[in-house]
Amino acid sequence: MAGATKDAVRPATPQPGPGSAAPPAERLPRLALIGNPNSGKTSLFNQLTGLNQKVGNFPGVTVDRKTGVAQLGGQRRAEVVDLPGTYSLYPKSLDERVIADLLYNPLSPDYPDFVVVTVDASNLRRSLLLFSQLADLGLPAILALNMTDVAAERGIQIDLAALEQELGVPVVPTNARKGVGLAALRIVMADRLAARPPAGRFWQPGAALQPLLASIRQHFDLPNDYLALHYAHQFGQLHFLSEEDRAYLAQVTEQQAFDSTAEQAAETVARYAAINELLLEVVTVTRTERREPASNRIDKVLTHRVFGYLIFLAILFLLFQAIFAWAQYPMDLIDQGISLLSAAIQAHFSGPLVRLLTEGVIAGLGGVLIFIPQIALLFAFLAVLEETGYMARVTFLMDKLMRPFGLSGKSVVPLISGLACAVPAIMGARTIESWKDRMLTIFVTPLMSCSARIPVYTVLVALVVPDESWLGIFNMRGLVLMGLYLLGLGSALLSALILKTVLKARERSYFIMEFPVYRWPRWKNVGLTIVEKVKAFIFQAGKVIVAISVLLWVLASYGPGNRQDKAEARLRSIQADINTPDAKGNYPKRLALEPAELERQVAAARLETSYAGTFGHVIEPVIRPLGFDWKIGIALLTSFAAREVFVGTMSTIYSVGQDADLGTVQQKLANEKDPHGQPFFTPVRALSLLVFYVFAMQCMSTLAVTYRETKSWRWPLGQLVYMTGLAYAASLLVWQLFS
Amino acid sequence: MALFRRSAAVAASQPASARRTANDLRPGESATVCCLKDPQMALKLLEMGCIPGTQVRLAGRAPLGDPLMLVLGDEEYTLSLRVSEAITIQLKD
């Protein structure tokens, strides 16, 4: 490492960094972006890579790994990895643990050639803690000095040349929001490709630790003491170490009575002391007027005991309007487009393969695309709330209310979004850092009554609840509908309360967070968030949805043996008989069916004899205690694709043996008679079915997205079993108590 | 004090009432951090810049009294933390 001492201003021995060798020619040089939360890291990543982003997974964990390709100066390119925001190299959450796995293992395929540290210029002291640790690890680094505008507003002047001197690495002032300084950063980065580690040493482990560090260094052949120290602190959490390596580290740290907590605290305090001293010569603060920063004044309104909640309520209302009402227009367009496409294909081709394509694959694809408007709108809102810094205040306002249920302030927005659709809501739970809080939120969100339940609710409520008012003010139907929503909310909160006691936290979780200063949203970030989330949904959850959709189509279209054909032939022959006089020349005393009605009856008969119909008959003994018959059983199966399918299936299956002119589903259901000639859909039976739909996990898209978000089938299966069980128990209770 | 559950890991280095904590500040009142009680919590507080000798000001509380907002240093930045976390920050008299 010749030349590394050139900019050294501290008595330091330059040490070869593990990543300092020039990258092999066959792959792009790799750089990692690292920095405090809210230091403008994401903006910088977006500015550097634009739409050239890929979201993958860090090996072994559920943390998203965002990478992209950046154009550097001089026609050179580099791969950029965006690391989770952190305050130090000692991880406090699962997300932050990814950083340790990446930076402490030179053999990792992701090991960066150098790091770009984003630093908040208005918070230089705290930001430099992380930088100083990275520098002591011997990683080649560039410091991107961000938010210089905020610093200037506060009268903070930074002597860049002095800072560069003190730190021993290039310092590039940037404004990632406006893209200022990006060109300079690109050039410096291209320059750094054959980089060397920073020379400054901020802190050295004390002499008492030397024997321990020396043995670890020797055992693992590590380039410096500080890396050895991190092995001693974190060996239990480093995925790349073998069992023997961990056993060895456990033994040596035990032998030397290494107190990880005390050593970490001492190190952090010492680092702050060194940074304070360094900053004395770099930073001057001139403050002409002493007034509270604008952010604090805004906070007085937005976190006010009355206005705070009112404003939050207003924002929720707007959000709800957006995913409920505004999304309807593009959703209708997608729906129509899919129908037109299917119709066009069916008009020109026919055969079982074409039906598989149109009714299975394209319908499934439509079931995926239909969610895009809601996902895009919800994430547009979430991104703006996150970008402006308001989300942190929502957490602050709601935390105390949610905590008795084991949820945190951050669970509020996903839960409320679940009223529109659980799919984007579950994706939105990503903002919750604590693993346990996030799993609880994901698990209970589908219990919130989503918009797909509305068709089911309205049909059944209108069927049995009179359109009258209660006390002259409240519409009865409205009251029942509200009751169903409250039932959903109550069950979500109670389920969280129960699950809270079952689920063990994986790590100690902290609520403490920094309040970001209020800023205008960066629209580029908002746009990229939308693109990223929509892509993630289509390519990851979409696969599962199309597969299940095709499976359900097969079940509803085909039956065992030739039972379907026989049923159809029987219907058609009866119809044909009507027009044929018998031996005595008399016509049968039955009315001839309209051709359309005949087709409806044929469709119903085919559905009854299909696999789905067989399924309905098979499960009838199981659902009979709930007051359901096999026809409802079929609807339960087909509406697993999406709850609103319930209405269509009920319409088909209940058209058997009814007059042709009965148009709506509601009339068909009202006309259905039980064996005693009484109306089949009594209020209690309808209530039992309603309660079933409040609780049941009747949505494959939600299961698919839960799988994508938790990266495990345990969670979606748990939801399916728990919610179906809950639905069954509740319906059983209703039917057995009141019928 | 019945409003919150105490963290199990709070070290009993001092009698509980010996020192005021960040939770005892009145809105708008400033004080200097003396020491941090809970060792695990201390690590988090330290790396977020809440080190002994730092000035803290209680900027306000959430409407239900918890969490609270602490402004660190010379109006540098604001932290939001729960009461159960704030009581681990002991203040100089």
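Residues numbered from 1 in each chain as written. Chains lettered and ligands numbered in written order. Predicted model: local features only at pLDDT ≥ 70, side-chain atom pairs only at ≥ 80, totals over all residues.

Okay, the overall build of chain B next. Within chain B one finds two helices and five strands. Going from N to C terminus, chain B has its helices and strands arranged as β-α-β-β-β-α-β. The buried share of chain B, reckoned over its 93 residues, is 48%. Residue pairs at least 24 apart in sequence account for 59% of intrachain contacts in chain B once pairs closer than 6 positions are excluded. (Helix = DSSP H or I, 4+ residues; strand = E, 2+ residues; numbered from the N terminus. Buried ≥ 20, exposed ≤ 12 C-beta atoms within 10 Å, placed from the backbone. Contact = placed C-beta atoms within 7 Å.)

Turning our eyes to something else, we now look at the overall build of chain A. If you tally the helices and strands in chain A, you get 31 helices and 12 strands. Excluding contacts between residues fewer than 6 apart, the proportion of contacts in chain A whose partners are at least 24 apart in sequence is 73%.

Turning to the sheet that holds strand β3 (residues 68–72) of chain B, a few remarks are in order. Remark on secondary structure: sheet strands pair via backbone hydrogen bonds, oriented parallel or antiparallel. Strand order in the open sheet formed by six strands is β12(A)-β4(B)-β3(B)-β2(B)-β1(B)-β5(B), with antiparallel pairing between adjacent strands. One side of each edge strand has no neighbouring strand; the edge strands of this open sheet are β12 (513–515) of chain A together with β5 (89–91) of chain B. Going across the sheet, the axis of each strand differs from the next one's by a mean of 45°, ignoring polarity. (Pairing = 2+ DSSP bridges. Axes fitted to C-alpha atoms, helices over the stretch in contact; angles between N-to-C directions.)

Across the boundary between the two partners, chain A contributes 32 residues, which contact 27 residues of chain B. Those elements that provide at least two residues to the side of chain A that touches chain B are α3 (124–136), α10 (260–280), α16 (390–402) and β12 of chain A. Per-class residue counts for the side of chain A that touches chain B are 16 nonpolar, eight polar and eight charged. When β12(A) meets strand β4 (residues 77–81) of chain B, the two strands line up antiparallel, connected through three bridges. Bridging from a neighbouring strand, A:Met513 pairs with B:Ser80 of β4(B). (Nonpolar A, V, L, I, M, F, W, Y, C, P; charged D, E, K, R; others polar.)

With that settled, consider the environment of A:Leu249. Residue and element names in this part refer to chain A. By the element assignment, Leu249 lies in helix α9 (residues 243–255). Under the C-beta neighbour-count criterion, Leu249 is labelled buried, with 25 such atoms within 10 Å. Counting along the chain gives 17 residues from Leu249 to Ala232, while the straight-line C-alpha distance between them is 6.5 Å. Residues within four places of Leu249 in sequence aside, it is in contact with Ile216, Tyr231, Ala232 and Phe235.

Grouped together as the largest cluster of nonpolar side chains are 208 residues, with contacts concentrated most on A:Val117, A:Leu143 and B:Leu70. In this view, B:Leu70 contacts B:Ala22, B:Val56, B:Arg57, B:Leu58, B:Ala59, B:Thr78, B:Leu79 and B:Leu81; residues no more than four positions away in its chain are not counted. (Core = buried A, V, L, I, M, F, W, Y, C linked by C-beta atoms within 7 Å.)

So, about the environment of A:Glu254. All names here are of chain A. Position of Glu254 relative to the elements: it lies in helix α9. Here Glu254 falls in the exposed class, since 9 other C-beta atoms lie within 10 Å of it. Separated by 419 residues in the primary sequence, Glu254 and Lys673 have C-alpha atoms spaced 77 Å apart.

So, on to helix α2 (residues 94–103) of chain A. All names here are of chain A. Burial analysis of α2 places eight of its 10 residues in the buried class, the great majority of the element. Every buried residue of α2 is accounted for by Glu96, Arg97, Val98, Ile99, Ala100, Asp101, Leu102 and Leu103. Against the buried residues of α2 lie β1 (30–35) and α8 (225–234).

Bringing the pairing of strand β6 (residues 141–146) of chain A into the picture now. The side chains of a regular strand alternate, first on one face of the sheet and then on the other. Residues and elements named next belong to chain A. Counting buried positions along β6 gives six out of six residues, so the element sits mostly inside the fold. Side chains Ala141, Leu143 and Leu145 project from β6 onto one buried face, and the interleaved Ile142, Ala144 and Asn146 project onto a second face that is buried too. Sheet topology note: the strand β5 (residues 114–120)/β6 ladder contains six bridges and is parallel. If you follow Val115 over to β6, its bridge partner there is Ala141. The parallel pair β5 and β6 is bridged by α3, and the resulting crossover is right-handed. The sheet contact formed by β6 and strand β8 (residues 171–173) spans three bridges and is parallel. When the bridges of β8 are listed, Leu145 appears paired with Pro173. (Right-handed = clockwise from strand over helix to strand, strands pointing away.)

A separate point is the domain arrangement of chain A. Residue and element names in this part refer to chain A. The domain architecture assigned to chain A consists of domain 1 (30–194), domain 2 (205–257), domain 3 (307–449 + 487–526) and domain 4 (543–579 + 591–738). Using C-alpha coordinates to define each centre, domain 3 is positioned 28 Å away from domain 4. Elements represented by at least two residues in the side of domain 3 that touches domain 4 include exactly α14 (352–369), α18 (422–428), α19 (435–444) and α21 (476–502). A per-element tally of the side of domain 3 that touches domain 4 places α14 first, with nine residues. (Domains from an automatic or database assignment.)

Residues and elements named next belong to chain A. Here α8 lies mainly inside the structure; nine of its 10 residues are buried. Taken together, the buried positions of α8 are Asp225, Tyr226, Leu227, Ala228, Leu229, His230, Tyr231, Ala232 and His233. Looking at the packing, one finds that the buried side of α8 touches α3, α7 (210–220), α9 and α10.

We now examine the packing of α14(A) against helix α22 (residues 523–557) of chain A. All names here are of chain A. As a packed pair, α14 and α22 sit with axes 8 Å apart at the nearest point and diverge in direction by 140°. As α14 runs across α22, the sense of the crossing is right-handed. Touching Arg355, Glu359, Gly360, Val361, Ala363, Gly364, Leu365, Gly367 and Val368 of α14 are Ile538, Gly542, Ile545, Val546, Ser549, Val550, Trp553 and Ser557, all from α22. Residues that form the contact of α14 with α22 fall into these classes: nine nonpolar, six polar and two charged. (Left-handed = near helix turned anticlockwise from the far one by under 90°.)

For chain A, the mean per-residue pLDDT works out to 83, and 90% of the residues sit at or above 70. A low-confidence stretch, residues 1–24 of chain A (pLDDT under 50), is modelled with 52 contacts involving residues beyond four sequence positions or located in other chains. (pLDDT = per-residue confidence, 0-100.)

Residue and element names in this part refer to chain A. Strand β4 (residues 77–82) sits mainly inside the fold: five of its six residues count as buried. Where β1 lies against β4, four bridges are found, and the strand directions are parallel. In the sheet register, Ala32 faces β4, and the bridge partner there is Val81. Here strand β3 (residues 64–71) runs beside β4; their pairing, made up of six bridges, is antiparallel. Within β4, the residue paired with Ala70 across the bridge is Ala78. Once β3 ends, the chain turns through five residues before running back antiparallel as β4, passing Gly74 with a positive phi of about 65°.

Note that the residue after B:Asp66, namely B:Pro67, is joined by a cis bond; omega there is 0°. Within the element layout of this structure, B:Pro67 appears in the loop between β2 (55–61) and β3. Although it is not a glycine, A:Asn38 adopts a positive phi angle of roughly 65°. Within the secondary structure, A:Asn38 is located in the loop between β1 and α1 (41–49). A positive phi is found at A:Met147, a non-glycine position, where the angle reads about 55°. By secondary structure assignment, the location of A:Met147 is in the loop between β6 and α4 (148–153).

Moving on, we get to the confidence of the model for chain B. For chain B, per-residue confidence averages 82 on the pLDDT scale, and residues scoring 70 or more make up 82% of the total. The ipTM value of the predicted complex is 0.83, and its pTM value is 0.78.

What follows concerns the packing of helix α15 (residues 372–388) of chain A against α22(A). The description of two packed helices rests on the angle between their axes and on the distance between the axes. All names here are of chain A. Packing of α15 against α22 leaves a shortest axis separation of 9 Å and a crossing angle of 140°. Considered as vectors, α15 and α22 are oriented oblique to each other. Of the two elements, α15 crosses α22, and the hand of that crossing is right-handed. Counting all contacts with α15, which are made through Ile372, Ile375, Ala376, Phe379, Ala380, Ala383, Val384 and Glu387, the residues of α22 involved are Asn525, Val526, Thr529, Ile530, Lys533, Val534 and Phe537. Looking at the contact of α15 with α22 residue by residue, the class counts come to 11 nonpolar, two polar and two charged. (Parallel < 35°, antiparallel > 145°, perpendicular 65-115°, else oblique.)

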